[in-house]
Amino acid sequence: MARIVVITSGKGGVGKTTTSAAIATGLALRGHKTAVIDFDVGLRNLDLIMGCERRVVYDFINVINGDANLKQALIRDKRVDNLYILPASQTRDKDALTQEGVEQVLNELSEDFDFIVCDSPAGIERGALMAAYFADEAIVVTNPEVSSVRDSDRILGILASKTRRVEQGGDPIEGRLLLTRYSAERAERGEMLNIEDVGEILAIDLLGVIPESQAVLTASNAGQPVVLDQESDAGQAYLDAVARFLGEECPLRFVDVPKKSLFGRLFKG
């Protein structure tokens, strides 16, 4: 059976879709057959990040409604073996996501995949609740700012109370924190929360820290998951996060202020 992972947050614009693409791609690079599903019905951005927008014929809602089967709708990634994308619909609203339909699709995917990554919309509307309901575990994405952390705390409350596992009397699904757009220099100057501040507020295990990086924007504009840019700091940080997700010990990188050279200190540059 596949492990179902929801990538979620309370606030928009924190990097959920970037993270969904990177985590799914990283898992596939490690040899795990992985499907990534866009739950943001009506907007649909995952296909752009994955660079497959021109290959979309059928979507998630078509499968739920029986207009297409899963094999017709899944898009196989051309760059990474074992990676498949199930895009969202741009023309339907989120009410088209039914609990029975989502469960059927996830059950069918579970027969053939190792991991199913669910790219959740922001907030607590229907798409986000559906993305989280059947999950086995969650990655909570937040930026180091007060409003983002506060909204993520609310999402943790939903994960603790409104999932199938909890309704069936089980333990809440495990949530792990992924801190994005982090700058050690700005945190040191007090311009954003530091890692310890965020961890103390949310009180969940830290999966990874993704540095503020031009590479993320460059990769998104190129239709390529940033994790494929393994020379970039963000790409390496996502690979580290995938390693930790798979249970490996991996030290945090890109979280300390770089030390200046003697020349830099002498000339304050």
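Our structure is the block above this text.
For the structure given in this document, a descriptive report is provided here.

Cut-off values and rules
- Residues numbered from 1 in each chain as written.
- Predicted model: local features only at pLDDT ≥ 70, side-chain atom pairs only at ≥ 80, totals over all residues.
- Heavy atoms only, no water.
- Core = buried A, V, L, I, M, F, W, Y, C linked by side-chain atoms within 4.5 Å.
- Buried < 20%, exposed > 50% of the residue type's maximum accessible area, 1.4 Å probe, protein only.
- Helix = DSSP H or I, 4+ residues; strand = E, 2+ residues; numbered from the N terminus.
- Contact = heavy atoms within 4.5 Å.
- Axes fitted to C-alpha atoms, helices over the stretch in contact; angles between N-to-C directions.
- Left-handed = near helix turned anticlockwise from the far one by under 90°.
- Nonpolar A, V, L, I, M, F, W, Y, C, P; charged D, E, K, R; others polar.
- Expected span 1.5 Å × (residues − 1).
- Pairing = 2+ DSSP bridges.
- Salt bridge = Lys/Arg side-chain N within 4 Å of Asp/Glu carboxyl O.

**Here's the deal with the nonpolar core**
Moving on, step 1. Formed by 53 residues in total, the largest nonpolar core has its most connected members in Phe39, Phe60, Leu97, Val102 and Leu109.
Moving on, step 2. Here the element with the most residues in this core is helix α7 (residues 146-159); it accounts for five residues.
Moving on, step 3. Here Leu97 is in contact with Phe39, Val41, Phe60, Ile61, Ile64, Val102, Arg126, Gly127 and Met130, once residues within four sequence places are set aside.
Moving on, step 4. In terms of nonpolar packing, the next biggest core, distinct from the first, is built from 36 residues, Val5, Ile7, Ala215 and Val242 among them.

**Regarding the packing of α7 against helix α10 (residues 195-202)**
Moving on, step 1. Close contact between α7 and α10 brings their axes to 10 Å; oriented N to C, the two are set at 30°. The chirality of how α7 crosses α10 is right-handed. Counting all contacts with α7, which are made through Val149, Ser152, Asp153 and Leu156, the residues of α10 involved are Val198, Ile201 and Leu202.
Moving on, step 2. Grouping the constituent residues of the contact of α7 with α10 by class yields five nonpolar, one polar and one charged.

**Notes on helix α12 (residues 233-245)**
Moving on, step 1. In this model α12 runs 18 Å from its N-terminal to its C-terminal C-alpha over 13 residues, within 8% of the 18 Å that 1.5 Å per residue would give.
Moving on, step 2. Among the 13 residues of α12, 10 are classified as buried, and the element is accordingly described as predominantly covered.
Moving on, step 3. Buried within α12 are the following residues: Ala234, Gly235, Ala237, Tyr238, Asp240, Ala241, Val242, Ala243, Arg244 and Phe245.
Moving on, step 4. Phi turns positive, to about 95°, at Gly247, one or two residues after α12.

**As for the sheet that holds strand β7 (residues 174-182)**
Moving on, step 1. Strand order across the open sheet formed by eight strands is β3-β4-β2-β5-β1-β6-β7-β8, with mixed pairing between neighbours. Of all strands in the sheet, those bounded by a partner on one side alone are β3 (75-76) and β8 (205-211).
Moving on, step 2. Two elements, strand β1 (residues 3-8) and strand β5 (residues 115-119), share five bridges in a ladder whose sense is parallel. Paired with Val5 across the strands is Val117, a residue of β5.

**With respect to the pattern of salt bridges**
Moving on, step 1. By the definition in use, this model includes 15 salt bridges.
Moving on, step 2. The residue Arg79 makes a salt bridge to Asp77 at a minimum N-O spacing of 3.1 Å.
Moving on, step 3. For Asp151, the salt bridge is made with Arg150, and the minimal N-O distance between the two is 3.9 Å.
Moving on, step 4. Note on Asp151: relative accessible area 23%, which makes it partly exposed.
Moving on, step 5. Here the salt bridges do not stand alone but share partners, grouping Arg3, Glu137, Glu174 and Arg176 into one network.

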